[in-house]
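# Reading the structure
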Amino acid sequence: MFNWKGFICGVVTSATFGLIPLFTLPLFAGGLNVPSILCYRFLLAAVLMGIFMAGTGRAFKVNRKEFGTLAGLSFLYIGSAVFLFWSYHYLASGIATTMMFLYPVFVALIMITAFKERNSIWTMLAILLAVSGVALLSWNGKGGGVSLTGIALAVLSGLSYGIYIIAVNKSCVKDMSSTKLTFYLFVFTGIFLTLGTVLLGKFQGVGSPKAWTNLLLLAVIPTVISNITLVAAIKAIGSTFASVLGAMEPVTAMTVGVWVFGEPFTRTTALGVVLIIFAVTLVILSPALEKGYRTGKFLYITKVKGIHPNIVPYH
């Protein structure tokens, strides 16, 4: 039977991540720059995750090798976050977030080409439909066109995140507690971003209560909550299906863009959203479809193995 808990957690994860523009764009409008926003986001998230771990009795101990690996992995994670936020300056928020969704494609292609894994035809079809939906959404950028710089930045964000997901599985932290891994990634990301921002003279203070509210919500909803629900999703349905369920991210981001920031919603946009929702539906039905392939004596095609049995931090 399909694991409904895993599916719901996966949708909650992607939907909460899609709310990033809701809290980020007002901060841009208030004059706060990208590096400063990211510093506050991850430092606050690290504190909240630390409180969560302490409150639930989780262990914080890591050895020297794990410590160094987590520090190294954080640079890929930083790249993903920086490229995404930077792309918001060139693309409408919903479009930038949808373009970043290409990361499941990069994960699947790298696993197939570099690690010789066989893929499920249904998973690949779902990814193809989701990416087609993203492509349709991308034609509705600011001013009716798209920024090549913005697209490049958003795609680089997805590529960085895809490589990061695979790197976690190929490192010494692959068996680490998912919550502990997430906590230390937030810690290292926050520290490195803050050091770099201060050294470059880009760090900005926050004086407005409204800005602090948006920063706190940014740290809680699309950062901490996204990661906690992703823990349950990946454990229940595997990392490949959980990543494809990220197709709900563009739907959330587009909804926020249209309702809150007045971004256009056209027929092309509607078709893109329908394709994305259909892709998610295909993910739900894929176990039954593969069973039909086997019982119907068609060619058996294996599913892409779960990339990590636990969790990888989410954007």
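Basis of the calculations
Residues numbered from 1 in each chain as written. Predicted model: local features only at pLDDT ≥ 70, side-chain atom pairs only at ≥ 80, totals over all residues. Heavy atoms only, no water. Helix = DSSP H or I, 4+ residues; strand = E, 2+ residues; numbered from the N terminus. Buried < 20%, exposed > 50% of the residue type's maximum accessible area, 1.4 Å probe, protein only. Contact = heavy atoms within 4.5 Å. Areas by Shrake-Rupley, 256 points an atom, 1.4 Å probe, with all protein chains shown as cover. Phe/Tyr/Trp six-rings, centres within 6.5 Å; stacked < 30°, edge-to-face > 60°. 1 Å grid on protein atoms, 1.4 Å probe; cavity = no way out; pocket = protein on both sides within 12 Å on 5 of 7 lines; lining within 4 Å. Points joined across faces, edges and corners; volume = space filled by probe spheres on them. Axes fitted to C-alpha atoms, helices over the stretch in contact; angles between N-to-C directions. Parallel < 35°, antiparallel > 145°, perpendicular 65-115°, else oblique. Left-handed = near helix turned anticlockwise from the far one by under 90°. Expected span 1.5 Å × (residues − 1). pLDDT = per-residue confidence, 0-100. Polar contact = N/O pair within 3.5 Å; in protein donor to acceptor, adjacent residues only side chain to side chain.

## Side note on the overall build of the protein chain
Check the secondary structure of the protein chain and you find 13 helices and 0 strands. Scored against the burial criterion, the 315 residues of the protein chain give a buried share of 55%. In the protein chain, once contacts between residues fewer than 6 apart in sequence are set aside, the share between residues at least 24 apart is 89%. Total accessible area on the protein chain is roughly 13600 Å²; 71% of this is exposed by carbon and sulfur atoms.

## A few points about the packing of aromatic side chains
Each aromatic ring pair is characterised by the separation of its centres together with the angle its planes make. Inspection of the entire model under this criterion finds 13 aromatic pairs. Ring plane angle 80 degrees and centroid distance 5.3 Å describe the contact between Phe60 and Phe183, whose orientation is recorded as edge-to-face. Pair noted here: Phe60 is in the loop between helix 3 (34-55) and helix 4 (64-87) and Phe183 is in helix 9 (residues 178-199), with a separation of 123 residues, a long-range link. Both rings, one in Phe75 and one in Phe192, keep their centres 4.9 Å apart while their planes meet at 15 degrees; by these two values the pair is stacked.

## Notes on the layout of surface pockets
Space inside the second largest pocket adds up to approximately 150 Å³. Forming the walls of the second largest pocket are Pro26, Leu27, Gly30, Gly31, Leu32, Gly205, Val206, Gly207, Ser208, Lys210, Ala211 and Asn214. Secondary structure elements with two or more residues in the lining of the second largest pocket: helix 2 (20-29) and helix 10 (209-237). Looking at the lining of the second largest pocket element by element, the count peaks at 3 residues for helix 10.

## Describing the packing of helix 4 against helix 9
For any two helices packed against each other, one specifies the inter-axial angle together with the distance between the axes. Here helix 4 crosses helix 9 at 70 degrees, and the two axes come no closer than 8 Å. Here helix 4 is positioned roughly perpendicular relative to helix 9, judged by the angle of their axes. In the packing of helix 4 onto helix 9, the handedness of the crossing is right-handed. Note on element contacts: helix 9 touches helix 4 through Leu181, Tyr184, Leu185, Phe186, Phe188, Thr189, Phe192 and Leu193, opposite Phe67, Leu70, Ala71, Leu73, Ser74, Phe75, Tyr77, Ile78 and Val82.

## Section: helix 1 (residues 4-17)
Compared with an ideal rise of 1.5 Å per residue, which puts 14 residues at 20 Å, helix 1 spans 20 Å between its outermost C-alpha atoms and is within 8% of the ideal. All of the buried residues in helix 1 are Gly6, Phe7, Cys9, Gly10, Thr13, Ser14, Thr16 and Phe17.

## Some thoughts on the confidence of the model for the protein chain
Any segment with low pLDDT has predicted coordinates that should not be analysed in fine detail. Overall, the predicted model of the protein chain reaches an average pLDDT of 80, with 82% of residues at or above 70. The secondary structure element of the protein chain with the lowest average pLDDT is helix 11 (residues 239-244), at 66, and the one with the highest is helix 3, at 94. Note that pLDDT drops below 50 for residues 297-312; the model gives that stretch 62 contacts with residues more than four away or on any other chain.

## Overview of the side chain of Thr16
Following the sequence through the fold, Thr16 ends up in helix 1. Separated by 2.9 Å, the side chain of Thr16 and the backbone oxygen of Thr13 make a polar contact. Within the structure, Thr16 has its side chain in polar contact with the side chain of Ser226 (distance 2.7 Å). If near-sequence neighbours (up to four positions away) are discounted, Thr16 is found in contact with Ile221, Pro222, Ile225 and Ser226.

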